[in-house]
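Chain residues, written in single-letter form:
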Amino acid sequence: MKVATYNVNSINSRLPVLLRWLIETTPDVVCLQELKTPQEKFPEQALLDAGYHAIWHGQKSWNGVAILSHHDKPEEVRRGLPGDPDDTHSRYIEAMVNGIHIGCLYLPNGNPAPGPKFDYKLRWLERLTSHAAELLASRTPVVLAGDYNVIPTEQDVYKPERWLDDALFRPETREAFQTLVAQGWTDALRKIYPIETIYTFWDYFRNAYGRNAGLRIDHFLLSPELDRRLVAAGVDRDVRGWQKTSDHAPVWIELSDG
DNA sequence: ATGTCGGACACGGTCCGA
């Protein structure tokens, strides 16, 4: 079973690229972020025509998350992260697909830091950590996939010294992510590629993709039940070189049958 | 500080967020 995550940076602007990638790589489950579309303008029919059922949580202009399934329709478990009823951002949706609990997340960027946006990011990470603990306690197979907007270590950024004050790399951010992982999650890409340079995002600015000036910020965290089933992982980095593409590349993992 | 996208508002160009 292949599970992918892809920050599309507007699903309607990205539809030709998304459909081409789906048809070429046929993932079983896909987590999407940054839909940038209101609920009613999600391209449900185009995805159905390509063979994918979807659930999604849209929002005008910003954010937005979706889960696609090549087989049965995802069975929605929750939308929105618990812990703050005043949080209006569409950044979390969770479903059961093929007996696996899938959490699809778009963590706040948090820049500029320090400031209220950075505070929101750290609060959101705390809420995610609380919810993740409950998911682990459920002892079910869980994937938490998405754009974390976290550069976990110096290994995950082309020039660490330039990112020290950035919300994606500040010590508070890295420590919060480490606290989450230390609950018992597996960083799937890093497990498969322990020493390699792996990037999932290249800025639109300054020919970042051409210079391979990238970041690793899209992650899969696996519960112990799924850690045992992890057989492969990768980044479809060539998609980042296509015309009219996102600034993120799709990332995927392959899981063996239960 | 810079650079480049995408969306909103509203139809040309500027602003915001990333």
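About the cut-offs
Residues numbered from 1 in each chain as written. Chains lettered and ligands numbered in written order. Predicted model: local features only at pLDDT ≥ 70, side-chain atom pairs only at ≥ 80, totals over all residues. Heavy atoms only, no water. UniProt positions renumbered as here; feature names shortened; annotations may be inferred. 1 Å grid on protein atoms, 1.4 Å probe; cavity = no way out; pocket = protein on both sides within 12 Å on 5 of 7 lines; lining within 4 Å. Helix = DSSP H or I, 4+ residues; strand = E, 2+ residues; numbered from the N terminus. Core = buried A, V, L, I, M, F, W, Y, C linked by side-chain atoms within 4.5 Å. Buried < 20%, exposed > 50% of the residue type's maximum accessible area, 1.4 Å probe, protein only. Contact = heavy atoms within 4.5 Å. Near = heavy atom within 4 Å. Polar contact = N/O pair within 3.5 Å; in protein donor to acceptor, adjacent residues only side chain to side chain. Nonpolar A, V, L, I, M, F, W, Y, C, P; charged D, E, K, R; others polar.

**Student:** Just checking my understanding: could you explain the UniProt feature "binding site: Mg(2+)" (unreviewed entry) in chain A for this structure?
**Tutor:** As recorded in UniProt, the feature "binding site: Mg(2+)" (unreviewed entry) lies at Asn7, Glu34, Asp147, Asn149, Asp247 and His248. A maximum C-alpha distance of 12.8 Å is found for the annotated residues, which run over 242 residues; spatially they form one tight group. None of the other annotated residues line the largest pocket; only Asn7, Glu34, Asp147, Asn149, Asp247 and His248 do. Tracing the chain through its elements places glutamate 34 in the loop between strand 2 (29–33) and helix 2 (44–49).

**Student:** I'm lost on the nonpolar core in this one. Help?
**Tutor:** As a rule of thumb, nonpolar side chains are buried together in soluble globular proteins. Counting residues in each nonpolar core, the largest one holds 27 residues, and the members touching the most others are Val3, Ile67, Ile102, Val143, Phe220, Leu222 and Ile253. Of all the elements, strand 7 (residues 100–106) adds the most residues to this core, at 4 residues. For valine 3, the contacting residues outside a window of four places in its chain are Val29, Ile102, Phe220, Val251, Trp252, Ile253 and Leu255. With 23 residues, the next largest nonpolar core counts Leu18, Val30, Leu47 and Tyr52 among its residues.

**Student:** Help me understand unusual backbone geometry in this model?
**Tutor:** Most peptide bonds adopt trans geometry, and most residues besides glycine take a negative phi value. In this structure, the amide linkage connecting asparagine 111 to the following residue, proline 112, adopts the cis form with an omega of -5 degrees. In this fold, proline 112 is placed in the loop between strand 7 and helix 3 (116–137). For the bond from alanine 113 to proline 114, the omega torsion is 0 degrees, close enough to zero to count as cis. Position of proline 114 among the secondary structure elements: in the loop between strand 7 and helix 3. Within the chain, asparagine 63 stands out as a residue other than glycine whose phi angle is a positive 55 degrees. Mapped onto the fold, asparagine 63 is located in the loop between strand 3 (53–57) and strand 4 (65–69). On the basis of relative accessibility, which here comes to 6%, the residue asparagine 63 falls in the buried class. Positive phi, normally seen in glycine, also occurs at asparagine 149, with a value near 50 degrees.

**Student:** Even after reading the chapter, I still don't get the protein's contact with DNA strand B, so can you show me in this structure?
**Tutor:** Looking at DNA strand B, there are 15 residues lining it, with Ser10, Ser13, Ser61, Phe205 and Arg206 nearest. Take the atoms of DNA strand B that sit within 4 Å of the protein: sugar and phosphate atoms are 65% of them. Between DNA strand B and the protein, one listed contact pairs a phosphate oxygen with a side-chain N or O atom of arginine 14 at 3.1 Å. Between a base nitrogen of DNA strand B and a side-chain N or O atom of arginine 206, the distance comes to 2.7 Å. Looking at side-chain class alone, the surface near DNA strand B contains 4 nonpolar, 5 polar and 6 charged residues.

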